[in-house]
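Each chain, written out:
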Amino acid sequence: MSGEPGELSVARPPGEVEPGSGVRIVVEYCEPCGFEATYLELASAVKEQYPGIQIESRLGGTGAFEIEINGQLVFSKLENGGFPYEKDLIEAIRRASNGEPLEKITNSRPPCVIL
């Protein structure tokens, strides 16, 4: 038990590795640009799929939303102009946790929609 009220602890069988453990993600984002909410949504989706993953956030320069997995840049809003799709990031994490080579995520969704 971790001592946190309402938190459930599930014991894993000996030798079973928690999904995502050993994978470290760093997300650098522009706080004045309002990108913190996007970071929090993405971090929540990743933690849901990979509870053992380490996610760290850093404040970045204007317009930045950069994602590194195990020290390798896999997504750059400055290069792509938008934000990553969750499914693409989840796939990159799966590859990293399996020891497969990482590829840059080039698909991106627009940062906003003007109606």
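Residues numbered from 1 in each chain as written. Predicted model: local features only at pLDDT ≥ 70, side-chain atom pairs only at ≥ 80, totals over all residues. Heavy atoms only, no water.

## Focus: the sheet that holds strand β1 (residues 24–29)
Reasoning step 1: Across the sheet, which stays open at both edges, the four strands sit in the order β2-β1-β3-β4 with mixed pairing between neighbours. Strands at the two margins of the open sheet, each flanked by one partner only, are β2 (54–59) and β4 (72–76). For this sheet, the mean angle separating the axes of adjacent strands, direction not counted, is 20°.
Reasoning step 2: Relative to β2, β1 runs parallel, the two sharing six bridges. Opposite Glu-28, over in β2, you have Arg-58 as the bridge partner.
Reasoning step 3: Across the face of the sheet, helix α1 (residues 36–49) comes into contact with β1, β2 and β3 (65–69) while running at roughly 170° to β2.
Reasoning step 4: Set on the sheet, helix α3 (residues 86–97) makes contact with β1 and β3; between it and β3 the angle comes to about 20°. (Pairing = 2+ DSSP bridges. Helix = DSSP H or I, 4+ residues; strand = E, 2+ residues; numbered from the N terminus. Axes fitted to C-alpha atoms, helices over the stretch in contact; angles between N-to-C directions. Contact = heavy atoms within 4.5 Å.)

## Description of the state of the cysteines
Reasoning step 1: Going through the model one piece at a time under the given rule, you end up with one disulfide.
Reasoning step 2: Between the sulfur atoms of Cys-30 and its disulfide mate Cys-33 the distance is 2.2 Å. Disulfide Cys-30-Cys-33: torsion about the S-S bond near 70°, hence right-handed.
Reasoning step 3: The buried category is assigned to Cys-30, whose relative accessible area is 2%. (Disulfide = S-S within 2.5 Å. Buried < 20%, exposed > 50% of the residue type's maximum accessible area, 1.4 Å probe, protein only.)

## Some details on the pattern of salt bridges
Pairs may arise between side chains of opposite charge once their charged atoms sit close together.
Reasoning step 1: Within this structure, the stated rule accounts for eight salt bridges.
Reasoning step 2: Taking the shortest distance from any N to any O, the salt bridge between Glu-56 and Arg-24 comes out at 2.4 Å. Remark: Arg-24 occurs in strand β1 and Glu-56 occurs in strand β2; sequence separation between them is 32 residues.
Reasoning step 3: On the basis of relative accessible area, Glu-56 is assigned to the partly exposed category, the value being 28%.
Reasoning step 4: The salt bridge involving Arg-95 is made with Glu-103; its shortest N-O contact spans 3.9 Å.
Reasoning step 5: Taken together, the salt bridges that share partners define one network made up of Glu-91, Arg-94, Arg-95, Glu-100 and Glu-103. (Salt bridge = Lys/Arg side-chain N within 4 Å of Asp/Glu carboxyl O.)

## Details of the confidence of the model for the chain
Reasoning step 1: With 77% of its residues at a pLDDT of at least 70, the chain reaches an overall mean of 84.
Reasoning step 2: With pLDDT under 50 throughout, residues 1–16 is counted as low confidence; its partners more than four residues away or in other chains account for four contacts. (pLDDT = per-residue confidence, 0-100.)

## A short note on α3
Reasoning step 1: Taking 1.5 Å per residue, twelve residues should reach 16 Å; α3 reaches 16 Å between its end C-alpha atoms and fits that length.
Reasoning step 2: Listed as buried for α3 are Asp-88, Leu-89, Ile-90, Ala-92, Ile-93, Arg-95 and Ala-96.
Reasoning step 3: At its buried positions, α3 is contacted by β1, α1 and β3.
Reasoning step 4: Phi turns positive, to about 75°, at Gly-99, one or two residues after α3. (Expected span 1.5 Å × (residues − 1).)

## Brief notes about the packing of aromatic side chains
Reasoning step 1: Here the structure, examined in full by the defined rule, presents four aromatic pairs.
Reasoning step 2: Taken together, a centroid distance of 5.3 Å and an interplanar angle of 15° make the contact between Tyr-29 and Tyr-39 stacked. One end of the pair, Tyr-29, is in strand β1; the other, Tyr-39, is in helix α1, and ten residues separate them in sequence.
Reasoning step 3: Accessibility expressed as a relative area gives 9% for Tyr-39, which makes it buried.
Reasoning step 4: Geometrically, the ring pair formed by Phe-65 and Phe-83 is edge-to-face, given 5.1 Å between the ring centres and 85° between the ring planes. Within this pair, whereas Phe-65 is found in strand β3, its partner Phe-83 is found in the loop between α2 (77–80) and α3, the two being separated by 18 residues in sequence.
Reasoning step 5: We classify Phe-65 as buried; its relative accessible area is 0%.
Reasoning step 6: Put simply, the rings of Phe-35, Phe-65 and Phe-83 touch in pairs and so form one group of aromatic residues. (Phe/Tyr/Trp six-rings, centres within 6.5 Å; stacked < 30°, edge-to-face > 60°.)

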